[in-house]
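Examining the three-dimensional arrangement
Below are the chains, spelled out letter by letter.
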Amino acid sequence: MKHGVLYIVATPIGNRSDMGQRAIEILSEVKLIAAEDTRHSRHLLQHFNIDTHMWAYHDHNEQQQTPVLIERMLSGDDIALISDAGTPLLSDPGYRLVKAAHEAGIKVSPVPGPCAAIAALSASGLATDQFCFAGFPPNKSSARIAFFEALTKSRATQVFYESSHRVAASLADMVTVFGGEREAVLAREISKTFETIHKATVAELSQWVQEDENQRKGEFVLVVQGNTQQQASTTVELEQMLAILMDELPLKQASGLAAKITGRKKNQVYKLALDLQAK
Ligand code: SAM
């Protein structure tokens with residue numbers, strides 16, 4: 001018998017008009033919809049006149065439900081997986097099911113659509129050639145600081161999910177770990193009435209959120225510039241560069257140029273140039 005297909009269907013993250021036509025078709029046609037919260041998804045499905053049977057599939061029952069759903073697909077039923085909002089598996093349940101489907105030789109087919117992380121990144125104005133989706137930082141400050149520390153060296157733009165309860169604390173810890181100067185974007189309530197896309201330095205964002213209670217309401221994606229200093233050369237390489245430039249140019253010009261090339265701070269390079277000159 002032909003196996004069924006597992007469809008991974010993205011749904012809106014705040015604006016129902018973002019529901020895709022293909023998502024509507026697939027959700028109407030499959031035998032069963034595995035949904036993170038059936039009560040929550042019922043409103044969405046009713047809005048689009050979809051009356052497919054729903055089945056609860058969430059963090060607390062996925063271990064028991066995965067083999068049952070796999071069995072259904074092995075016997076020919078198509079199943080769609082949805083989460084409360086956005087793309088399933090992105091900080092949402094589904095990993096276990098998709099992994100098990102692959103292992104069972106079941107076709108897995110994505111139905112692409114909204115995802116808060118990608119939406120925020122696309123509007124951030126930060127580099128998109130390399131990015132790291134880091135999900136939710138830990139709740140406790142000590143664990144959160146360690147989590148950020150593990151990311152400090154990465155050149156990739158960092159994308160975090162955050163809740164209204166912790167957005168201020170997370171930004172404060174980012175200032176501690178990443179420093180206040182990196183560019184960052186707070187993307188709040190994407191596609192909803194109070195959508196806010198605010199770009200500033202990490203320190204400015206932190207202060208803004210501390211001072212304005214309204215900026216702590218709703219759902220958040222924080223996008224933070226990667227470590228541009230990483231591209232910078234080592235101190236030894238910087239010294240060699242400075243030595244060459246200082247042979248040809250006045251000290252201030254040479255150090256300014258070296259700072260530009262390496263992405264290091266001007267005053268830091270200037271001090272190094274003075275030390276070199278004094279040697
Ligand atoms: N799977 C979803 C996706 O594709 O975006 C994310 C699910 S995760 C449980 C929920 C988190 O996503 C929220 O706490 C928030 O960080 C982010 N999020 C979801 N919708 C959002 C929105 N409209 N604006 C900003 N962030 C949002």
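Cut-off values and rules
- Residues numbered from 1 in each chain as written.
- Predicted model: local features only at pLDDT ≥ 70, side-chain atom pairs only at ≥ 80, totals over all residues.
- Heavy atoms only, no water.
- Helix = DSSP H or I, 4+ residues; strand = E, 2+ residues; numbered from the N terminus.
- Rg over C-alpha atoms; globule rule 2.2 N^0.38 Å.
- Buried < 20%, exposed > 50% of the residue type's maximum accessible area, 1.4 Å probe, protein only.
- Contact = heavy atoms within 4.5 Å.
- Areas by Shrake-Rupley, 256 points an atom, 1.4 Å probe, with all protein chains shown as cover.
- Lys, Arg positive; Asp, Glu negative; His and termini not counted.
- Charge placed at Lys NZ, Arg CZ, Asp CG, Glu CD.
- Near = heavy atom within 4 Å.
- Nonpolar A, V, L, I, M, F, W, Y, C, P; charged D, E, K, R; others polar.
- Domains from an automatic or database assignment.
- Phe/Tyr/Trp six-rings, centres within 6.5 Å; stacked < 30°, edge-to-face > 60°.

**Let's talk about the overall build of the chain**
Of regular secondary structure, the chain possesses 11 helices and 10 strands. Rg of the C-alpha trace for the chain: 24 Å, well past the compact-globule value of 19 Å for 279 residues, more than 25% over. In terms of its C-alpha atoms, the chain occupies a principal-axis envelope of roughly 80 × 45 × 35 Å. Within the chain, buried positions represent 45% of all 279 residues. Contacts spanning at least 24 positions in sequence make up 69% of the contacts within the chain whose residues lie at least 6 apart. Per element, the accessible surface of the chain, about 14800 Å² overall, is 50% carbon and sulfur. Here the chain contributes 28 positive and 32 negative side-chain charges, whose respective centroids are spaced 2 Å apart.

**A closer look at the environment of Pro-12**
Mapping Pro-12 onto the fold places it in the loop between β1 (5–9) and α1 (21–29). Its relative accessible area of 8% is what places Pro-12 among the buried residues. With sequence-adjacent residues up to four places away left out, Pro-12 is seen in contact with Asp-18, Met-19, Leu-44, Ala-85, Gly-86 and Pro-114.

**A short note on the environment of Ile-79**
Following the sequence through the fold, Ile-79 ends up in strand β4 (residues 79–82). Owing to a relative accessible area of 0%, Ile-79 belongs among the buried residues under this scheme. If near-sequence neighbours (up to four positions away) are discounted, Ile-79 is found in contact with Val-5, Leu-6, Tyr-7, Val-30, Leu-32, Ala-34, Leu-69, Arg-72 and Met-73.

**Some remarks on the site of the ligand**
Thr-87, Asp-92, Ala-116, Tyr-161 and Phe-220 are the nearest of the 19 residues found near the ligand. Mapped onto the shell around the ligand, the elements with two or more residues apiece are β7 (157–162) and β10 (220–224). In terms of residue class, the shell around the ligand is built from 11 nonpolar, three polar and five charged. Each of domain 1 (5–114) and domain 2 (117–224) gives at least three residues to the shell around the ligand.

**Re the domain arrangement of the chain**
The domains assigned to the chain are domain 1 (5–114), domain 2 (117–224) and domain 3 (235–278). Distance between the C-alpha centres of domain 2 and domain 3: 33 Å.

**A look at unusual backbone geometry**
In this structure, Leu-89 is a non-glycine residue whose phi angle is positive, near 80°. Structurally, Leu-89 is set in the loop between β4 and α4 (95–103). Residue classification places Leu-89 among the partly exposed residues on the basis of a relative accessible area of 29%. One non-glycine residue, Glu-189, lies in positive phi territory at about 55°. Structurally, the position occupied by Glu-189 is in the loop between β8 (183–188) and β9 (196–201).

**A word on the packing of aromatic side chains**
Applying the stated criterion across every chain yields a total of six aromatic pairs. Each ring, one from Phe-133 and one from Tyr-161, has its centre 5.0 Å from the other, and the planes form 70°; the classification is edge-to-face. Here Phe-133 is found in strand β6 (residues 131–135), whereas its partner Tyr-161 is found in strand β7, with 28 residues between them in sequence. The partly exposed category is assigned to Phe-133, whose relative accessible area is 29%. Here a set of aromatic residues connected by ring pairs shows up, and it is made of Phe-147, Phe-148, Phe-160 and Phe-178.

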